[in-house]
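One-letter residues, chain by chain:
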Amino acid sequence: MKSNYNQLGQYIEMVSRTNSDLKYGIEDVRGCSNTKQMMQTRANLIGRTYEKFIVLRPQEFVFNRRTTRNGEKIGMAYNNTDREYIFTNDYVAFRVKQEYLDKLLPDYLYMFFCRDEFDRYARYKSTGSATEFFNWEDMCAVPFEIPPMDFQQLVVNAYKVLNERIETKQKINDNLATQALTLFSDFVSHRSKKLEQRKLGDVIASANTGGDAIQKVPIVDYDTGIKCARVGDITNAREYASWAFCNASKSVYDNYKLQAGDILVTRTATLGITQYIAKDISAVYNNGLIRLKVDDTNALSLYIYWAMKTSDFLNYINQMNSATSVRPNMKIDYLLNYQLSIPSIEEQTQFTNAVEPLMKAISLNNDEILKLSEFQAIILTTLSSR
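Let us look at the structure shown here. (Residues numbered from 1 in each chain as written. Predicted model: local features only at pLDDT ≥ 70, side-chain atom pairs only at ≥ 80, totals over all residues. Heavy atoms only, no water.)

### Remarks on the pattern of salt bridges
Reasoning step 1: Scanning the model with the defined rule gives 17 salt bridges in all.
Reasoning step 2: The closest approach of N and O atoms between R17 and E60, which form a salt bridge, is 3.0 Å. Here E60 lies in the loop between β5 (54-56) and β6 (61-63) and R17 lies in the loop between β2 (12-15) and β3 (30-32), a separation of 43 residues in the sequence.
Reasoning step 3: In this structure, E60 engages R95 in a salt bridge whose closest nitrogen and oxygen atoms are separated by 3.7 Å. Pair noted here: E60 is in the loop between β5 and β6 and R95 is in strand β9 (residues 92-96), with a separation of 35 residues, a long-range link.
Reasoning step 4: Through salt bridges with shared partners, a single network forms among E13, R17, E60 and R95. (Salt bridge = Lys/Arg side-chain N within 4 Å of Asp/Glu carboxyl O. Helix = DSSP H or I, 4+ residues; strand = E, 2+ residues; numbered from the N terminus.)

In structure tokens, the structure reads:
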């Protein structure tokens, strides 16, 4: 350890505040992602009470001790809002000590955790057999140097400007997606008596999971020109431009190459999240995903994609999810048994013509989000070079 570095535990302390008075309920429960964001929890809350949940106040942190099967990253969240949330007590919460708040900005510490170097460090220091953990003691032992406050404020301000732009673009995309889904719902409701009900498996050409070998591709980019879609890429709504490169063999590439009109569906972790492949790309997908291929028309592909965005489809998926207490694994047959309304080819084309401008706008915004994220990554490297 460098002589000018201390251990992070000198500057942080654990938060043990609980929801003992039941001030907060299920609508206040949050989880943390491996992209270091607060999110709607994926935990099964059936039968659970909330008095032991951790109350996280603004400018406080929470992390998931378990690092196994988490995309080589540590799940963490930072409460950068002006209100309190609750987290399951499986997590560990902490904050910057009061006496160091004039020397260490919580926002700067959050940026420190967002670096790839920190994720690599946390995975390297994780211990365990079947399941590996990065515990509170390991967090406290992280080497850390407090830079001057003017430097902290400079990088925090620059990062926030980019983040606000990303959030604005993401809100626009959320609104566009809502419009597209409303368009689909209106389209189906005005034709409900005319549309034929068919199983998903009867209207697509094929469905298969990705390659086992691709599951073992490390996070490190090999830059072979071939990218790999993993569950995290889909659940985090990342478009293919931001997927990591992989070292897939020619046979894997030939068998699992993605093409325009394909639909990817998550079959592990969060089930039923979908992504539409708008154009041919040099990319493959791993066995956490199911690829649906539609041979008919691009119009049918887009129609099916938006049908799988509806609450009806998600309720169907959740029926299987809630039927098991173990980590879910969706079988292809279950997915293909989903029943949906199928319009005529002319009506499919009519719907596609209406929804494509919205999807193109979403794609352009995603391109800008990717560029802004790349600028953020550059800023984070300045923390590593100190």
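### Thoughts on helix α2 (residues 116-125)
Reasoning step 1: Taken as a whole, α2 has its buried residues at F118, D119, A122 and R123. Each buried residue of α2 sits inside an arc of 130° when the element is viewed along its axis, so together they form one side. Exposed and facing more than 90 degrees away from the buried side of α2 are R120 and Y124.
Reasoning step 2: Taken together, the buried residues of α2 touch β7 (76-78), α1 (106-113) and α3 (136-140). (Buried < 20%, exposed > 50% of the residue type's maximum accessible area, 1.4 Å probe, protein only. Arc of directions from axis to C-beta. Contact = heavy atoms within 4.5 Å.)

### A few points about the sheet that holds strand β17 (residues 289-293)
Reasoning step 1: As summarised here, the arrangement of the four strands in space is β12-β17-β14-β15, forming an open sheet in which the pairing is antiparallel. Pairing within the sheet leaves two strands with one partner each, and these edge strands are β12 (206-209) and β15 (274-276). The sheet shows a mean angle of 20° between the axes of neighbouring strands, direction not considered.
Reasoning step 2: Summarising the sheet, strand β14 (residues 263-266) and β17 pair through four bridges and their orientation is antiparallel. Considered in β17, the bridge of T266 is made with L289.
Reasoning step 3: Where helix α9 (residues 298-307) meets the sheet, its contacts fall on β14 and β15, and the angle it forms with β15 comes to roughly 155°. (Pairing = 2+ DSSP bridges. Axes fitted to C-alpha atoms, helices over the stretch in contact; angles between N-to-C directions.)

Limitation: the analysis is restricted to geometry and does not speak to function.
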